[in-house]
Amino acid sequence: MKNEIDISENPIISQMSTMGHDQILFCSDNETGLKAIIAIHDTTLGPALGGTRMWVYNNELEALHDVLRLSRGMTYKNAISNLALGGGKAVIIGDSKTMKSEALFRRFGKFVDSLAGNYITAEDVGISPSDMVWVSKETKHVVGLPGKSGDPSPVTAFGTYMGMKACSKLQYGTDSLEGKKILVQGVGHVGEYLVEYLSKEGAEIFISDIHEDTISRISGTYGATQIDLNDVYDIEMDIYAPCALGGTLNDDTISRLKCGIVAGAANNQLKDENIHGKALLEKDILYAPDFAVNAGGVINCFSEVEGLSSEWALKKAEDIYHTIFDIVKRSKDENIPSHIIAMQMAQEKIDKAHHS
Ligand code: NAD
């Protein structure tokens, strides 16, 4: 009998093999309208932890691409942060404003539970703590619940601040940020806590945000100068801290940037990883790789998984200073973009664990 399915020709499994994924779970439930994909990239260092994103994708392939890329990113983030965690991520395909229901999230929770702890979920874009409460009715493999480790933003901001200081030490010979001109783009959850740290240290702070009321409140509280959205990439500054959207490091902005350091919490800052890390290196701009510098959030989640205190999470986030210093130093010495160095360092930790 002819074998109708040739696994070697299956593009999904080939893609998994190219990117190094362990497992993908496709989830569908007609009753609740749930369509989701859970991707486990690597569990060498521990169970795969990564949030669930709810998003309107143009098609299922786009959702698959997103979950494969994000779950691999979590492996690197967790490994570079020396956490006993692997990398995973989930996406729910749908509109977070209109499609949410308890039944949908409980069904999703059952799928998470079927992975028996190999994947631990949390919040991501489009998901709130109350959605996770529904998920938690069906599985214990969920973190970020109300009353537990709480909002990760303060820890993310603290880690970003530490990473910024490490870059300053290498670029300017001092880790003091006093008097440094620092632009924080996006003063939301993370950005505001970051501004607070910078203000305590006596930095000269510039801020930009799309929300007028947020801008005026924060500039009033911390004495920060407001910068027009269109001028962000043209002002002279020491440090640019992207804390809003991804993709802000691109052909247009890098040619305009006049700073020595980029260190901020936003995810996926490099528009094209193959081009823009190198472009920053060529301009002698030190770049703190986003997934390493913003790891405070996942450190906070890990503290919940392990039942550790918020003091432990802050102390652990302090290590981001040394992690970022090692990365940017190696990047400078070896003339290799810092995000590539960070991925290599993460992979070295995974390989070492494989062989021990
Ligand atoms: P948030 O939504 O609370 O804040 C984002 C802020 O950016 C908002 O004030 C928004 O008005 C502003 N903004 C949006 N578009 C802008 C633009 N074009 N120019 C200037 N400002 C703009 O989000 P957050 O939780 O503070 O997260 C910020 C970034 O850090 C995101 O990329 C997020 O993925 C990443 N991150 C957050 C955490 C965390 O712990 N919250 C952890 C890791 C990574």
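Everything numeric in this text was worked out from a predicted model, so none of it was measured.

Participant: Any details on the overall build of the protein chain? Residues and values, ideally.
Facilitator: When helices and strands are tallied, the protein chain shows 14 helices and twelve strands. The C-alpha atoms of the protein chain give a radius of gyration of 21 Å, which matches the 21 Å a tight globule of 356 residues would have. With respect to the principal axes defined by its C-alpha atoms, the protein chain has extents near 70 × 45 × 40 Å. When the 356 residues of the protein chain are sorted by exposure, 52% land in the buried category. When contacts within the protein chain are restricted to residue pairs at least 6 apart in sequence, long-range pairs at least 24 apart make up 65% of them. With the model as given, the accessible surface of the protein chain reaches about 16200 Å², and the carbon-plus-sulfur share is 50%. Side-chain charges of the protein chain comprise 33 positive and 49 negative groups, with the mean position of each set lying 2 Å from the other.

Participant: Please give an account of the site of the ligand that cites residues and values.
Facilitator: The environment of the ligand is formed by 21 residues, the closest being T156, H189, V190, D209 and A244. D209 is positioned such that a nitrogen or oxygen atom in its side chain is 2.6 Å from an oxygen atom of the ligand. Taking H211, its side chain carries an N or O atom lying 3.0 Å from an oxygen atom of the ligand. Contact with the protein chains covers 74% of the free accessible surface of the ligand, which is 830 Å². Counting only elements with at least two residues in the shell around the ligand, the list comes to α5 (153–172) and α6 (189–201).

Participant: With reference to specific residues and values, describe the sheet that holds strand β10 (residues 239–242).
Facilitator: Hydrogen bonds along the backbone pair up the strands of a sheet, which may run parallel or antiparallel. Read across the sheet, six strands follow the order β9-β8-β7-β10-β11-β12 without closing on themselves; strand pairing throughout is parallel. The sheet is open, and its two borders are formed by β9 (225–226) and β12 (286–287), each paired with just one other strand. In terms of strand pairing, strand β11 (residues 261–262) meets β12 through two bridges, oriented parallel. Residue pairing for β12: I261 is matched across the bridge by L286.

Participant: Report on the packing of aromatic side chains, specifying residues and quantitative values.
Facilitator: Aromatic ring pairs are defined here through the distance separating the ring centres and the angle between the ring planes. Under the defined criterion, the tally for this structure stands at seven aromatic pairs. The aromatic ring of F111 is capped on one face by R107, whose charged end is 4.1 Å from the ring centroid.

Participant: An account of the domain arrangement of the protein chain is requested, with residue identities and associated values reported.
Facilitator: For the protein chain, the assigned domains read domain 1 (7–67 + 85–136) and domain 2 (153–349). The distance between the C-alpha centroids of domain 1 and domain 2 comes to 28 Å. Opposite the five residues of domain 1 that make contact, domain 2 presents five residues. A buried area of about 400 Å², summed over both sides, lies between domain 1 and domain 2, and 87% of it is on carbon and sulfur atoms. Area buried by domain 1 at its contact with domain 2 is led by L45, L49 and L85, which between them contribute 71% of it. Applying the counting rule to domain 1 against domain 2 returns zero salt bridges. Taken together, the links from domain 1 to domain 2 amount to zero residue pairs in polar contact (both at pLDDT 80 or more).

Participant: Go over the packing of helix α12 (residues 310–318) against helix α13 (residues 320–334), please, and point to the residues and values.
Facilitator: Between α12 and α13, the least distance of the axes is 4 Å, while the angle of their chain directions is 20 degrees. With respect to α13, the element α12 is oriented roughly parallel. Between α12, through K316, A317 and E318, and α13, the contact on the second element is made entirely by I320, Y321 and H322. Broken down by class, the residue content of the contact of α12 with α13 amounts to three nonpolar, one polar and two charged.

Participant: Let's hear about the environment of I210: which residues, and what values?
Facilitator: In this fold, I210 is placed in the loop between β8 (204–208) and α7 (212–222). Each C-alpha atom of the pair I210 and E62 lies 28 Å from the other, and the pair is 148 residues apart in sequence.

Participant: Can you lay out the nonpolar core for me, pointing to particular residues and giving the numbers?
Facilitator: In terms of nonpolar packing, the biggest core is built from 62 residues, with M164, V184, L194, L198, I207 and I324 touching the most fellow members. Residue contributions to this core peak at eight residues, all from α5. A48, A90, F105 and I127 belong to the second-largest nonpolar core, a separate cluster that totals 21 residues.

Participant: Explain a nonpolar patch on the surface residue by residue, including any values.
Facilitator: A contiguous nonpolar patch, built from I12, I13 and F26 and spanning about 250 Å² of accessible area, is present on the exposed surface. Structurally, the position occupied by F26 is in strand β1 (residues 23–29).

Participant: Describe the pattern of salt bridges, with residues and values.
Facilitator: Under the definition given, this model contains 20 salt bridges. D29 serves as the salt-bridge partner of R107, at 3.5 Å between the closest nitrogen and oxygen. In this pair, R107 is assigned in helix α3 (residues 102–114) and D29 in strand β1, connecting sequence segments 78 residues apart. The salt bridge involving E282 is made with K278; its shortest N-O contact spans 3.1 Å. Pair noted here: E282 and K278 are both in helix α9 (residues 276–282), with a separation of four residues, about one helical turn. On the accessibility criterion, K278 (46% relative accessible area) is partly exposed. Where salt bridges share partners, they join R53, D66, R69, K89 and D124 into one cluster.

Parameters at a glance
Residues numbered from 1 in each chain as written. Predicted model: local features only at pLDDT ≥ 70, side-chain atom pairs only at ≥ 80, totals over all residues. Heavy atoms only, no water. Helix = DSSP H or I, 4+ residues; strand = E, 2+ residues; numbered from the N terminus. Rg over C-alpha atoms; globule rule 2.2 N^0.38 Å. Buried < 20%, exposed > 50% of the residue type's maximum accessible area, 1.4 Å probe, protein only. Contact = heavy atoms within 4.5 Å. Areas by Shrake-Rupley, 256 points an atom, 1.4 Å probe, with all protein chains shown as cover. Lys, Arg positive; Asp, Glu negative; His and termini not counted. Charge placed at Lys NZ, Arg CZ, Asp CG, Glu CD. Near = heavy atom within 4 Å. Polar contact = N/O pair within 3.5 Å; in protein donor to acceptor, adjacent residues only side chain to side chain. Pairing = 2+ DSSP bridges. Phe/Tyr/Trp six-rings, centres within 6.5 Å; stacked < 30°, edge-to-face > 60°. Lys NZ or Arg CZ within 6 Å of the ring centre and 35° of its normal. Domains from an automatic or database assignment. Buried area = accessible area lost by both parts, 1.4 Å probe. Salt bridge = Lys/Arg side-chain N within 4 Å of Asp/Glu carboxyl O. Axes fitted to C-alpha atoms, helices over the stretch in contact; angles between N-to-C directions. Parallel < 35°, antiparallel > 145°, perpendicular 65-115°, else oblique. Nonpolar A, V, L, I, M, F, W, Y, C, P; charged D, E, K, R; others polar. Core = buried A, V, L, I, M, F, W, Y, C linked by side-chain atoms within 4.5 Å. Patch = residues over 30% accessible without salt bridge, like charges linked within 9 Å, V, L, I, M, F, W, Y side chains within 5 Å.

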